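# Residue-level structure breakdown
Residue-level listing of the chains:
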Amino acid sequence: MDEDECVVGLMAKHLMEGHVAVFFYGQSYGFTLVESAMIALFSFFNGLNDHSVKLAMLSLWTIGIIFFYKTCKEILLPNNKFAAWLMTLLFIFLPAWAVWSMKARGGYLTAFPLSAILLWYLLSDYKKSFWGYSLTGVLLGVIAYSQPLWLPGLLPFLFYCWYHEGHKLDSFKAFTVGNLSCILIFTLLQRHAANYWSPKVFDIHVPGLFDLPSLLFDHLNAYYYLTDVYASPVIVKIYAVFFIILILTILVLAVKYVFTDFMGNFLFICAATSVAFTLGYCIFLMDHAPRYLLPLTGFTLIALTILLNKINNHQLIKKVAIPFIVLGAVCLITFKDFVFNATSEKQLMSCITWLNKQHIKYVFADDVPTQWQLIFYSKESVICRGDDVRDRIPRYIDSVNEAYKQDPGKTAVVDPTNDLLDMEPDNLLMVDKYYILVHPDPELLKGMEFHLQ
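First things first, this report covers the structure right here in the doc. (Residues numbered from 1 in each chain as written. Predicted model: local features only at pLDDT ≥ 70, side-chain atom pairs only at ≥ 80, totals over all residues. Heavy atoms only, no water.)

## A look at the pairing of strand β5 (residues 411-415)
- Counting buried residues along β5, five of its five residues qualify, which places the element largely inside the surrounding structure.
- Covered by surrounding structure in β5 are Thr411, Val413 and Asp415 together with Ala412 and Val414, the residues of both alternating faces.
- By the bridge criterion, three bridges tie strand β3 (residues 362-364) to β5 in an arrangement that is parallel. If you follow Tyr362 over to β5, its bridge partner there is Thr411.
- The pairing of β5 with strand β7 (residues 434-438) spans four bridges and is antiparallel. (Buried < 20%, exposed > 50% of the residue type's maximum accessible area, 1.4 Å probe, protein only. Helix = DSSP H or I, 4+ residues; strand = E, 2+ residues; numbered from the N terminus. Pairing = 2+ DSSP bridges.)

## Thoughts on the nonpolar core
- One finds Leu90, Trp97, Trp150, Phe243 and Leu374 to be the most contacted residues of the largest nonpolar core, which totals 151 residues.
- Beyond its immediate chain neighbours, meaning those up to four positions away, Trp150 contacts Trp97, Tyr108, Ala111, Phe112, Ser115, Ile143, Leu294, Pro295 and Phe299. (Core = buried A, V, L, I, M, F, W, Y, C linked by side-chain atoms within 4.5 Å. Contact = heavy atoms within 4.5 Å.)

## Re the environment of Ser59
- As for its placement among the helices and strands, Ser59 is situated in helix α3 (residues 50-75).
- Expressed as a C-alpha distance, the spacing of Ser59 and Ile39, which sit 20 residues apart in the sequence, is 9.9 Å.

## A look at the packing of helix α1 (residues 3-16) against helix α15 (residues 368-377)
- Running from amino to carboxyl end, α1 crosses α15 at an angle of 30°, the nearest separation of the two axes being 8 Å. For the element pair α1 / α15, the angle class is roughly parallel. Here α1 and α15 pass one another in a crossing that is left-handed. Facing α1, whose interface residues are Glu3, Cys6, Val7, Gly9 and Leu10, α15 presents Val368, Pro369, Trp372, Gln373, Ile375, Phe376 and Tyr377.
- Each residue belonging to the contact of α1 with α15 can be placed in one class, and the counts come to nine nonpolar, two polar and one charged. (Axes fitted to C-alpha atoms, helices over the stretch in contact; angles between N-to-C directions. Parallel < 35°, antiparallel > 145°, perpendicular 65-115°, else oblique. Left-handed = near helix turned anticlockwise from the far one by under 90°. Nonpolar A, V, L, I, M, F, W, Y, C, P; charged D, E, K, R; others polar.)

## Here's the deal with the sheet that holds β3
- A sheet is described by the order of its strands in space; here five strands give the open sequence β4-β3-β5-β7-β6, paired in mixed fashion. Since the sheet does not close on itself, it has two edges, and those belong to β4 (383-385) and β6 (428-431), each with one partner. In this sheet, neighbouring strand axes are inclined to one another by 30° on average, regardless of whether the strands run parallel or antiparallel.
- Across the sheet, helix α14 (residues 345-357) touches β3, β5, β6 and β7, and the angle it forms with β7 is around 15°.
- Lying over the sheet, α15 contacts β3, β4, β5 and β7, oriented at roughly 165° with respect to β4.

## Some details on the side chain of Glu3
- Summarising the element assignment, Glu3 is placed in helix α1.
- Buried charged residue Glu3 carries no salt bridge. Nearest counter-charge: Arg105, at 5.8 Å.
- Polar side-chain contacts of Glu3 include one of 2.7 Å to the side chain of Tyr225.
- With residues up to four places along the chain from it excluded, the contact list for Glu3 reads Tyr225, Leu226, Val368, Pro369 and Trp372. (Lys, Arg positive; Asp, Glu negative; His and termini not counted. Salt bridge = Lys/Arg side-chain N within 4 Å of Asp/Glu carboxyl O. Polar contact = N/O pair within 3.5 Å; in protein donor to acceptor, adjacent residues only side chain to side chain.)

## Section: helix α2 (residues 33-46)
- A rise of 1.5 Å per residue sets the reference length of α2, with its 14 residues, at 20 Å; its end C-alpha atoms lie 19 Å apart and thus fit the reference within 8%.
- Residues of α2 that are buried include every one of Glu35, Ser36, Met38, Ile39, Ala40 and Ser43, and no others.
- Elements in contact with the buried residues of α2: α1, α3 and α5 (108-123).
- Just downstream of α2, Gly47 is the residue with a positive phi angle, here 85°. (Expected span 1.5 Å × (residues − 1).)

## A look at the pattern of salt bridges
- Under the counting rule described, the total for this entry stands at eight salt bridges.
- The partner of Lys103 in a salt bridge is Asp2, and the shortest N-O contact between them spans 3.1 Å. On the criterion of sequence distance, the pair formed by Lys103 in the loop between α4 (82-92) and α5 and Asp2 in the segment before α1 is long-range, its members being 101 residues apart. Here Lys103 matches Asp2 in class, with each residue buried.

## Comments concerning the pairing of β6
- Across four bridges, the pairing between β6 and β7 is antiparallel. Paired with Leu428 across the two strands is Leu437, which belongs to β7.
- Counted along the chain from β6 to the antiparallel partner β7, the turn is two residues long, and its residue Asp432 has a positive phi close to 55°.

## Considerations on the environment of Leu119
- Within the secondary structure, Leu119 is located in helix α5.
- Taking the C-alpha atoms as reference points, Leu119 and Ile245, separated by 126 residues in sequence, lie 25 Å from one another.
- The contact partners of Leu119, leaving out residues within four places of it in the chain, are Thr71, Leu154, Phe157, Phe299 and Ile302.

Structural data, given as structure tokens:
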């Protein structure tokens, strides 16, 4: 697992020990309590490990998929209900979600199922009451504090529901009460949250517009980690191209219907607007981060479902959906070889075992993934700090610094990269792919930018 997954895993461990954290450690955003609680539940039966983390996230993603299916059923005519299964299978086999359907990232797999539930409610035939609109406001607030990337795509559907239900002022008031109540609660919770990590993600800049085509392709291609994009099989590239053609088709048809039959295609136009809004916020992104487009595929498939239902042609539905399903299934097989970590779990556990045998509990690591992987996979039998003066869990820095002052011989520097090797220290050991230096010299730590005060 990567560093952020390990942090969420640690949040689950601490939750089981009685410490409740609402937001991702070190942040005043990224509502993560749902994810850490789900991991804690699986850990209660299966132990705290990467399997529990992955299964917990897959469960949350599955809830989203179930409500995606229910939303498709609400949209489709009675004679087109089979298409709901096809659209759901198309979603399940999306390469874009191959990795992210099981990734604990702090808010993403809270926002996704809640967005699916909200979308199902908005498009359902249930009569919307005062409490229904209030709950809608609450859900939208929780989604915003979990991962606001889903908000632009949800707004057109909110407008459609409000307009379709008679655009009553009471409905708007109920929504506002629920939403503001949720915002107030989260604002109060933020006062007790750390704010170590608060990067500037959005800004108005022209390069974002020109970066959009490659960002879209890299997202659908799905072979990436954070901002690093990797080479992918040709079959996945082909899928990405076909899905881009699908998106463009939806947007072009929506523009056509705006001028030819606006009210007759109002729901489809709103769905296409949802796709456009989701694409639109990407021009404000500071980094080339394909994960920020995760909401796009779901909104695109909802728009496709509405369009195919409007056409009402069984053969056309099959001709569109089945090739995507088959191609997507083949693409998913290729992800069995997808890796982004420099080392394997087996190599990491060898390093942890060696440290435990040497009774070395406190470790310096300037490689961020290594830092959090050592802590999580050792279940905190190894406490590790990075080279930042502040960090997501400040007590780890204090503990390592204090241990070094008390007995430097019981501390070590661990590094899977060549940074430590390049400094040519004496007594450098290697355990599998990890370089380990026991009793590091203060000057070496200073050279690696570890501040001990």
